[in-house]
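# Fold and contact review
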Amino acid sequence: KQWYQRRVAITAGIKNEDESSIDSHKWGITSLWRYLEIGGVDVNAIKAKINAIIIKTIITSVATVTSLSKANCTYRHTCHELFGFDIFLDQNLKPWLIEVNISPSLHTSSTLDKHIKYGLVRDVFNTAGYMVPDPNTKSSRPSATDSPKRISTQLNTEQDDISDRLLYFNPGLSLSTDEKFKHSAFAQRCWDANFISTITDRLTPDDARVLMKFEDEVSRSGDLELIFPTESSSKYLKYFAHPNYYDILLLQWRKKYAKDPQKGFTRLQKMAENKFQFQRGGAQNGSTWLRRTTHKPVIKTSTVSMDTKRTNEKPGENTRKPAHFTKKEKSTDCDSALIPLL
């Protein structure tokens with residue numbers, strides 16, 4: 001899930017037909033920031049506080065939204081929502097949340113409204129990447145057991161369009177056993193910062209699909225600003241009852257390639273060229289999360305001698321040799337590249 005915000009307008013007093021004016025009823029948010037900067041206000045600090053309010057508010061609804069999405073959305077791609085946050089700045093310029101509108105008005109009654117809301121609608125549709133599934137698939141929608149090859153036949157699309165269709169409209173690409181193992185491993189150690197930082201080291205096909213869609217979405221976002229996940233979003237994980245695997249994946253991806261985004265794009269491009277995102281099985285570079293060690297645990301022994309001859313025993317009565325007790329020390333000696341379940 002990605003969260004964006006587009007600061008729209010501030011209400012002041014008289015009708016405004018000029019998008020750059022600050023002497024009227026509504027101000028464009030850019031005009032507000034410019035006005036505050038002229039007054040010596042730290043605008044970036046205010047923006048950061050507003051972003052924090054939005055992120056924390058959305059986090060409180062994650063459990064409900066996730067549950068409803070799973071119940072009502074056939075495809076992960078078709079899940080976008082536009083919310084309207086009403087923020088109040090007090091006399092100290094501290095932001096306060098007034099309310100969240102689940103159906104914010106897109107009605108336009110002025111030139112300023114058109115300038116702001118037309119652009120907002122454009123960016124929302126472009127970010128969502130609005131696509132209509134092939135109507136021919138309604139009566140024979142791919143099942144979770146179908147293979148990618150079978151699904152591409154059912155979609156009945158041109159070859160150039162198959163990759164997008166498989167990537168976005170394919171409930172048949174469910175998690176493999178190996179991928180489920182990786183999800184489970186990171187779910188159990190989601191609070192271990194050092195451990196979760198390794199989540200992008202060896203990507204699975206499912207990871208690749210999610211990251212490709214994410215980067216595509218961000219590239220289409222226009223004037224929308226991505227506020228979660230970013231390279232500095234780790235501080236918000238503590239507010240989740242239990243962080244989602246994909247939140248961790250996207251957060252660590254952004255952090256890893258924050259200074260060199262092109263390096264991340266190139267990595268995904270190479271996967272796409274090999275159609276790695278449609279493969280079934282383990283992670284890239286040939287390693288898997290479910291690989292089992294083929295060698296048995298090494299048993300190390302040390303011996304302790306004990307003279308069983310007692311002082312009251314008669315000579316020659318005890319002919320046994322001194323007993324040797326074995327102290328076993330097990331060594332799991334596992335492949336260091338594997339992350340086992342705890």
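Above this note sits the structure.
First things first, this report covers the structure right here in the doc. (Residues numbered from 1 in each chain as written. Predicted model: local features only at pLDDT ≥ 70, side-chain atom pairs only at ≥ 80, totals over all residues. Heavy atoms only, no water.)

### Notes on the overall build of the protein
Let me state the cut-off plainly: Under the scheme used here, helices are H or I runs from DSSP no shorter than 4 residues and strands are E runs no shorter than 2 residues, and both carry numbers assigned from the N terminus. Relative accessibility under 20% of the residue-type maximum defines a buried residue, over 50% an exposed one, and the middle range a partly exposed one, all with a 1.4 Å probe and only protein chains included. Contact between two residues is taken to exist if any of their heavy atoms lie within 4.5 Å; hydrogens are not considered. Each accessible area is a Shrake-Rupley estimate made with a 1.4 Å probe; only the visible protein chains count as cover when residues are assessed.
Counting its regular elements, the protein contains 11 helices and eight strands. Here the protein, with 342 residues, has 38% of them falling under the buried criterion. Taking all contacts inside the protein whose residues are at least 6 apart in sequence as the whole, residues at least 24 apart take part in 64%. Per element, the accessible surface of the protein, about 21,300 Å² overall, is 52% carbon and sulfur.

### Things to note about the packing of aromatic side chains
For clarity, the cut-off: Any two of the Phe, Tyr and Trp rings considered here, Trp counted by its six-membered ring, make a pair once their centres fall within 6.5 Å; the pair's planes then place it as stacked at under 30 degrees, edge-to-face at over 60, or tilted in between. Either the NZ atom of lysine or the CZ atom of arginine qualifies as a charge over a ring when it sits within 6 Å of the ring centre and within 35 degrees of the ring normal.
In this structure the tally under the stated criterion is seven aromatic pairs. On the basis of an interplanar angle of 65 degrees and a centroid distance of 5.3 Å, the ring pair of Trp27 and Tyr35 is categorised as edge-to-face. With a centroid separation of 6.3 Å and an interplanar angle of 40 degrees, the aromatic rings of Tyr236 and Tyr239 are classed as tilted. Through successive ring pairs, a cluster of aromatic residues spans Phe186, Phe195, Tyr245 and Tyr246. Over the ring of Phe195 we find Arg189; its NZ or CZ atom is 4.2 Å from the centre of that ring.

### Things to note about the pattern of salt bridges
Where we set the bar: Criterion for a salt bridge: a side-chain nitrogen of Lys or Arg within 4 Å of a carboxyl oxygen of Asp or Glu.
Per the stated rule, a full pass over the model turns up six salt bridges. For Arg122, the salt bridge identified is with Asp223, shortest N-O distance 3.6 Å. Separated by 101 residues along the polypeptide, Arg122 in helix α4 (residues 111–128) and Asp223 in the loop between α9 (205–219) and β6 (225–228) bring together distant segments of the chain. The exposure class assigned to Arg122 is partly exposed, which follows from its relative accessible area of 43%. Owing to a relative accessible area of 52%, Asp223 belongs among the exposed residues under this scheme. One salt-bridge network, held together by shared partners, links Arg122, Asp123 and Asp223.

### Focus on the packing of helix α7 (residues 177–188) against α9
What counts, and what does not: All axes here are fitted lines through C-alpha atoms, helices being fitted over the stretch that makes contact, and every angle between N-to-C directions spans 0 to 180 degrees. By definition in this entry, angles of less than 35 degrees are roughly parallel, angles greater than 145 are roughly antiparallel, angles of 65 to 115 are roughly perpendicular, and the rest are oblique. Gly is put with the polar residues, along with every residue not named as nonpolar or charged; the nonpolar set is Ala, Val, Leu, Ile, Met, Phe, Trp, Tyr, Cys and Pro, and the charged set is Asp, Glu, Lys and Arg.
Between α7 and α9, the least distance of the axes is 9 Å, while the angle of their chain directions is 75 degrees. Taken together, the axes of α7 and α9 are roughly perpendicular relative to one another. Facing Glu179, Lys182 and His183 of α7, the residues of α9 in contact are Pro205, Asp206, Asp207 and Arg209. Residues that form the contact of α7 with α9 fall into these classes: one nonpolar, one polar and five charged.

### A look at the packing of helix α1 (residues 29–38) against helix α2 (residues 43–60)
In contact at an axis separation of 9 Å, α1 and α2 are set at 135 degrees when each is read in the N-to-C sense. With respect to α2, the element α1 is oriented oblique. Two secondary-structure elements touch here, α1 through Trp33, Leu36 and Glu37 and α2 through Val43, Ile46, Lys47 and Ile50.

### Considerations on unusual backbone geometry
The omega torsion of the bond from Phe228 to Pro229 falls at 0 degrees, within 30 degrees of zero and hence cis. Counting through the fold element by element, Pro229 comes out in the loop between β6 and α10 (245–256). Even without being a glycine, Leu93 presents a positive backbone phi close to 65 degrees. Position of Leu93 among the secondary structure elements: in the loop between β4 (84–89) and β5 (95–101). Phi at Lys275 takes a positive value of approximately 55 degrees, unusual for a residue other than glycine. Counting through the fold element by element, Lys275 comes out in the loop between α11 (261–273) and β7 (298–306).

### Description of the nonpolar core
Applied cut-off: Among buried residues, those of type Ala, Val, Leu, Ile, Met, Phe, Trp, Tyr and Cys that are joined through side-chain atoms within 4.5 Å constitute a nonpolar core.
One finds Trp33, Leu211, Leu249, Trp253 and Met271 to be the most contacted residues of the largest nonpolar core, which totals 43 residues. Element by element, the count of residues in this core is highest for α2, at eight residues.

### Some remarks on the environment of Ala185
Relative to the assigned elements, Ala185 resides in helix α7. Classification of Ala185 by relative accessible area gives buried; the value is 2%. Put simply, Ala185 and Ile196 are 11 residues apart on the chain and 9.7 Å apart in space, counted from C-alpha to C-alpha.

### What to know about a nonpolar patch on the surface
How we decide: Patch definition: residues with relative accessible area over 30% and no salt bridge; like charges joined within 9 Å; nonpolar side chains (Val, Leu, Ile, Met, Phe, Trp, Tyr) joined within 5 Å.
On the surface, a cluster of nonpolar side chains totalling about 320 Å² of accessible area is made up of Phe83, Leu97, Val100 and Ile102. Following the sequence through the fold, Leu97 ends up in strand β5.

### Describing the pairing of β5
Defined as follows: Strands are labelled as partners when DSSP assigns at least two bridges between them.
With six bridges joining them, β4 and β5 adopt antiparallel strand pairing. If you follow Leu89 over to β5, its bridge partner there is Pro95. In textbook terms, the turn of a hairpin is the stretch between consecutive antiparallel strands, and for β4 and β5 this stretch comprises five residues, one of which, Leu93, has a positive phi near 65 degrees.

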